[in-house]
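# Remarks on the overall topology
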Amino acid sequence: MAKSSIKDMTQGNPTKLIIGFAFPMLLGYLFQQFYSMVDTIIVGKWLGVSSLAAVGSTGSINFMIIGFCMGVCSGFAIPVAQKFGSKDYHALRKFVANSVWVSVVFAAVMTVVVCLFCMDILRVMKTPSDIIQEAYDYIFVIFLGIPVTYLYNLLAGIIRALGDSKTPVYFLILSSVINIVLDIVSIGVLHMGVAGPAWATVISQGASGLLCLFYMIKKFEILHIQKDEWAYDGSYVKTLCGMGVPMGLQYSITAIGSVLLQVAVNGLGSLAVAAITAGNKISMFFCCPYDALGGTMATYAGQNVGAKKIDRIHQGIKAATVIGVVYSVAAFVIFTIFGKQMALLFLEADEVEVISQVHMFLIITSAAYILLTIVNVFRFCIQGMGYSAFAILAGVCEMVGRTIVGFGLVPVFGYVAACFASPVAWVLADAFLIPAYFSCIKKLKKMFNEDA
């Protein structure tokens, strides 16, 4: 069963388990952000500020669509983690098989629809006319790669659900190297413009997805699906969609707020768009620990719900929150001291105004990272417990926050207001998630008592 790769999180010290599981995931997220950042650096340095703005202007719509794919796949992994926790391996394999069928349908439909309406979406977002064609050239290719996004995220999610957070990282590191090489070749040698980094991202992610597939087939006997287990089962599909679709919508609804905010930022001109783009790239890199903590808590909570160990979920929440708070303080200090130097990764030194705007963005955003800790730890824990619908409501809170800032504050206060969009969104999400968590715990206790 490849026992050395599988980790049971229903026993042992929660803090040690969370750190041990999260660290490999953190490396994976860092490399994922690293090659995304390299895309941006190469575009900004080699193709100029306008191309940087073009790629950046697609960030929110990219997150809305690709984030849905990632959320759905994360949701599909939750029943797998729960069945692993309860040692029901037949049901585990049926969930894996049915998640494949659902993913194929979702990927096909989404690819066709978003590619057809890609330019229309950019126009609705009021993308500046001087960058709209380059924005289209980039995001159209990214959307063509939706099937490989499903491939990697579904398989990596299943592997992590079994407690193996290391293997997907190894493949992601390799794909990062491929991505960087293709970035350089596509722009520096083939002169493909902004479409080059987009193709590099799609190809490299496809490679990591195939590696996950080969690894699963070779190493995990527990995942060797029998012929009868491949059969479509409506009850399993209903459960998968009940977990996955809300998580996907949570990403997309959150991203709608980002899209609306992007519309407001687009109205400030391409220099403001470039500043937000660079600031977001740096911030997203530093936010990887929160993503790792969130992904860890989804698996941790899922396995412990399967084992009916509610007290361990409480312990995990406390441990993960403390880890996130300590990191948040360190990140704020780093941005305050070195924020301008980080902006130089994307911009030339003579872009003084844009560099100052990037620094402002980083300071304001990182000051609220403790709020982001709570968002990720509590949200993903709730999802792992099986209450994915709450993720939608948390996403609505974030959407409302960013929309208020985008349409109510940015037109009045300009760029400074845009910097406060994420902190406001996190405040509203936390106000919902904390009581929602205790409500879910209460429901689980009642359920387990009735089962007993």
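A short tour of the structure in this document, coming up. Small disclaimer: the values here were computed from a predicted structure and weren't measured.

Definitions and limits used
- Residues numbered from 1 in each chain as written.
- Predicted model: local features only at pLDDT ≥ 70, side-chain atom pairs only at ≥ 80, totals over all residues.
- Heavy atoms only, no water.
- Helix = DSSP H or I, 4+ residues; strand = E, 2+ residues; numbered from the N terminus.
- Rg over C-alpha atoms; globule rule 2.2 N^0.38 Å.
- Contact = heavy atoms within 4.5 Å.
- Areas by Shrake-Rupley, 256 points an atom, 1.4 Å probe, with all protein chains shown as cover.
- Buried < 20%, exposed > 50% of the residue type's maximum accessible area, 1.4 Å probe, protein only.
- Polar contact = N/O pair within 3.5 Å; in protein donor to acceptor, adjacent residues only side chain to side chain.
- Core = buried A, V, L, I, M, F, W, Y, C linked by side-chain atoms within 4.5 Å.
- Axes fitted to C-alpha atoms, helices over the stretch in contact; angles between N-to-C directions.
- Parallel < 35°, antiparallel > 145°, perpendicular 65-115°, else oblique.
- Left-handed = near helix turned anticlockwise from the far one by under 90°.
- Nonpolar A, V, L, I, M, F, W, Y, C, P; charged D, E, K, R; others polar.
- Patch = residues over 30% accessible without salt bridge, like charges linked within 9 Å, V, L, I, M, F, W, Y side chains within 5 Å.
- Salt bridge = Lys/Arg side-chain N within 4 Å of Asp/Glu carboxyl O.
- Phe/Tyr/Trp six-rings, centres within 6.5 Å; stacked < 30°, edge-to-face > 60°.
- Lys NZ or Arg CZ within 6 Å of the ring centre and 35° of its normal.
- Disulfide = S-S within 2.5 Å.

So, about the overall build of the protein chain. Of regular secondary structure, the protein chain possesses 18 helices and zero strands. Compactness check: the protein chain gives a C-alpha radius of gyration of 21 Å against a globular reference of 22 Å for 452 residues, within 12% of the reference. When its C-alpha atoms are laid out on the principal axes, the protein chain stretches across 65 × 45 × 35 Å. Of the contacts formed within the protein chain by residues at least 6 apart in sequence, a portion of 85% connects residues at least 24 apart. Roughly 17,600 Å² of accessible area belongs to the protein chain as shown, and the carbon and sulfur atoms make up 70% of that amount.

Take the side chain of Asn153 next. Within the fold, Asn153 resides in helix H7 (residues 146–161). Here Asn153 falls in the buried class, since its relative accessible area comes to 10%. A distance of 2.8 Å separates a polar atom in the side chain of Asn153 from the backbone oxygen of Thr149. Those residues in contact with Asn153 that sit more than four places away from it in its chain are Met70, Cys73 and Gln205.

Turning our attention to the environment of Asn266. Relative to the helices and strands, Asn266 resides in helix H10 (residues 234–266). The exposure class of Asn266 is buried, given its relative accessible area of 5%. In the structure, Asn266 is positioned 120 residues away from Gly386 in sequence and 38 Å away in space, judged by C-alpha atoms. When sequence neighbours within four positions are dropped, the list of residues in contact with Asn266 reads Ser57, Met125, Lys126, Thr127, Pro128 and Val273.

With 146 residues, the main nonpolar core has Phe143 and Met385 as its most contacted residues. A total of 13 residues in this core trace back to one element, the largest contributor, which is helix H3 (residues 59–85). Excluding residues that lie within four positions of it along the chain, Phe143 makes contacts with Ile61, Asn62, Ile65, Thr111, Val114, Cys115 and Cys118.

At a minimum axis distance of 7 Å, the contact between H3 and helix H12 (residues 288–306) shows a crossing angle of 45°. When the axis of H3 is compared with that of H12, the two are oblique. The hand of the H3/H12 crossing is right-handed. Between H3 and H12, the residues in contact are Ala81, Gln82, Phe84 and Gly85 and Gly302, Gln303, Val305 and Gly306, respectively. The class makeup of the residues in the contact of H3 with H12 is three nonpolar, five polar and no charged.

Another aspect to go through is a nonpolar patch on the surface. Where nonpolar side chains cluster on the molecular surface, the patch consists of Leu144, Val177, Val181, Val185, Val189, Leu190, Met192, Trp199 and Ile203 and spans about 760 Å² of accessible area. Among the elements of the structure, helix H8 (167–189) and helix H9 (195–219) are those that each provide at least two residues to the nonpolar patch. For the nonpolar patch, the leading source of residues is H8, giving four residues. Looking at the secondary structure, you find Val181 in helix H8.

As enumerated under the stated definition, the model contains 16 aromatic pairs in all. Plain terms: the ring middles of Tyr290 and Tyr327 are 5.5 Å apart, the flat faces sit at 70° to each other, and that makes the pair edge-to-face. Taken together, the positions of Tyr290 in helix H12 and Tyr327 in helix H13 (residues 310–343) put the pair 37 residues apart, joining distant regions of the chain. Ring plane angle 45° and centroid distance 5.9 Å describe the contact between Phe390 and Phe432, whose orientation is recorded as tilted. Of this pair, Phe390 sits in helix H16 (residues 389–413) while Phe432 is found in helix H18 (residues 421–451), placing the two residues 42 residues apart along the sequence. On the basis of relative accessibility, which here comes to 17%, the residue Phe390 falls in the buried class. An aromatic cluster is built from Phe285, Phe286, Tyr290, Tyr327, Phe335, Tyr369 and Trp426, whose rings are joined through pairwise contacts. Here Lys87 stacks its cationic end above the ring of Phe84, 5.5 Å away from the centre of that ring.

Under the criterion given, the structure shown has five salt bridges. Across the pair Arg379 and Glu398 runs a salt bridge whose closest N-O atoms are separated by 2.3 Å. Of this pair, Arg379 sits in helix H15 (residues 369–384) while Glu398 sits in helix H16; the two residues are 19 residues apart in sequence, bridging distant segments of the chain. The residue Glu398 makes a salt bridge to Arg402 at a minimum N-O spacing of 3.2 Å. In this pair, Glu398 and Arg402 both sit in helix H16, four residues apart, roughly one turn of the helix.

Turning next to the state of the cysteines. Considering all chains together, one arrives at zero disulfides under this definition. With no disulfide partner, Cys212 has as its closest neighbouring cysteine sulfur the one in Cys73, 11 Å distant. With no disulfide of its own, Cys381 lies 8.7 Å from the sulfur of Cys440, the closest cysteine sulfur. By relative accessible area, which is 0% here, Cys381 ends up buried.

In this structure, His191 takes a positive phi of about 55° despite not being glycine. The residue His191 is located in the loop between H8 and H9 in this model. Classification of His191 by relative accessible area gives exposed; the value is 62%.

Structurally, Phe76 is set in helix H3. Distance from Phe76 to Phe361, taken between C-alpha atoms, is 35 Å for residues 285 residues apart in sequence. Once you skip the residues sitting within four places of it in the chain, Phe76 turns out to touch Ser99, Val102, Ser103, Leu154, Leu240, Cys241 and Gly244.

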